[in-house]
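Residue strings, one per chain:
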Amino acid sequence: GTTLFPQPGVADAYAAAGQKLGVPLAAAEIVRRFELAFARQEDADVVTGQVTSEARERERWQTIVNDVFGESTTPELFDMLWDHFARPDNWRVYDDVPGVWETLEGLGIPRYVASNFDARLNQVCRGLPPLDTCSQVFVSSLLGARKPGLEFFRQVQRTLDLEPERILMVGDGRTNDFDPALAAGWQAVLVARHSPGQYQQVHERGWIVGSLAQLPAVIGS
């Protein structure tokens, strides 16, 4: 959601997989069911304290696919979707990513990807320029903790071996990225692409921008 997005989108990918295996479902209905199923899994992770693993992430997506397709779900359908979202060619980076990536690289600033995801994200990033040049990919399933849990941020910080104020979290979510990063003592930027002209400092360590293109201005402030 900050640097990359699925293409085709989730609803279209689910609809295509269902159609291929003889379980057609309208995209609008997929969106409705998916949003409800996803929210239920988010709530389940809150209850368990945002603890996760590779097994938990696979279980999460199996449950979501089951909730979307109901009794029509088959192991083949789940495997098809799991593999679909593991392929870099089914993802795209936002238009503002390549330019800022090049600028930060020129400034000698290490860039990392940190996400609620599973090990598939490593494969996606390594096959999707310019994310293939990031210094490291942090995924919740391998850290054992999900955002917005504080342990996610602590694990990343321990690995980087940096003081918290030297780490800048850039994310598109206030709940999962911006607020918990500030709570961990990091700097934070909230990317609000729905407000493209926006640039505002809202905290001594926090900014809101309308595009990643504004990130160098934050770093220079």
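Before any of the text, the structure's been laid out above.
Since the model is a prediction, treat every value here as computed from it, not as a measurement.

Peer 1: Could you clarify how one ought to interpret the nonpolar core in this entry?
Peer 2: Nonpolar side chains tend to gather and get buried jointly when the protein is soluble and globular. Tyr 14, Val 68, Phe 69, Leu 81, Leu 121 and Leu 131 are the most contacted members of the largest nonpolar core, which has 43 residues in total. Per element, the largest residue contribution to this core is five residues, and it comes from helix 1 (residues 10–20). Once residues within four sequence positions are removed from consideration, Tyr 14 is found in contact with Ile 30, Phe 34, Trp 61, Ile 64, Val 65, Val 68, Phe 69, Leu 81 and Phe 85. With 18 residues, the next largest nonpolar core counts Phe 138, Val 156, Ala 181 and Ala 192 among its residues.

Peer 1: When you look at the environment of Glu 163 in this model, what are you seeing that I'm missing?
Peer 2: Tracing the sequence through the fold places Glu 163 in the loop between helix 8 (150–160) and strand 5 (168–171). Considered as a pair, Glu 163 and Phe 34 are 129 residues apart in the sequence and their alpha carbons are 39 Å apart.

Peer 1: Before we go on, may I ask you to explain the sheet that holds strand 6 (residues 187–191) in this structure?
Peer 2: Pairing between the strands of a sheet is mediated by backbone hydrogen bonds and can be parallel or antiparallel. If you walk across this open sheet you meet the four strands as 5-6-8-7, and the pairing is mixed. Of all strands in the sheet, those bounded by a partner on one side alone are strand 5 and strand 7 (199–203). Ignoring strand direction, the axes of neighbouring strands in this sheet form an average angle of 20°. Where strand 7 and strand 8 (residues 206–209) come together, four bridges link them in antiparallel fashion. By the bridge assignment for strand 8, Gln 201 is matched with Trp 207. Against the sheet, helix 9 (residues 174–183) makes contact with strand 5, strand 6, strand 7 and strand 8, and its axis sits at roughly 160° relative to strand 6, the strand it touches most.

Peer 1: Can you help me understand the side chain of Asp 96 in this one?
Peer 2: As for its position among the elements, Asp 96 is in the loop between strand 2 (91–93) and helix 5 (97–106). The class for Asp 96 is buried, based on a relative accessible area of 15%. Reaching out from Asp 96, the side chain makes a polar contact with the backbone nitrogen of Leu 212 at a distance of 2.9 Å. Contact partners of Asp 96, with chain neighbours within four places excluded, come to Arg 193, Ser 211, Leu 212 and Ala 213.

Peer 1: Even after reading the chapter, I still don't get the packing of aromatic side chains, so can you show me in this structure?
Peer 2: Aromatic ring pairs are described here by two measures, namely the spacing of the ring centres and the angle between the planes. Here the structure, examined in full by the defined rule, presents 13 aromatic pairs. Geometrically, the ring pair formed by Tyr 14 and Phe 34 is edge-to-face, given 5.7 Å between the ring centres and 85° between the ring planes. Of the two residues, Tyr 14 is situated in helix 1 and Phe 34 in helix 2 (residues 27–47); the sequence distance between them amounts to 20 residues. This pair shows no difference in class: Tyr 14 is buried, exactly as Phe 34 is. Seen from their ring centres, Phe 85 and Trp 91 are 6.2 Å apart, and the 65° between their planes marks the pair as edge-to-face. What makes Trp 91 buried here is its relative accessible area of 9%.

Quick notes on the rules
Residues numbered from 1 in each chain as written. Predicted model: local features only at pLDDT ≥ 70, side-chain atom pairs only at ≥ 80, totals over all residues. Heavy atoms only, no water. Core = buried A, V, L, I, M, F, W, Y, C linked by side-chain atoms within 4.5 Å. Buried < 20%, exposed > 50% of the residue type's maximum accessible area, 1.4 Å probe, protein only. Helix = DSSP H or I, 4+ residues; strand = E, 2+ residues; numbered from the N terminus. Contact = heavy atoms within 4.5 Å. Pairing = 2+ DSSP bridges. Axes fitted to C-alpha atoms, helices over the stretch in contact; angles between N-to-C directions. Polar contact = N/O pair within 3.5 Å; in protein donor to acceptor, adjacent residues only side chain to side chain. Phe/Tyr/Trp six-rings, centres within 6.5 Å; stacked < 30°, edge-to-face > 60°.

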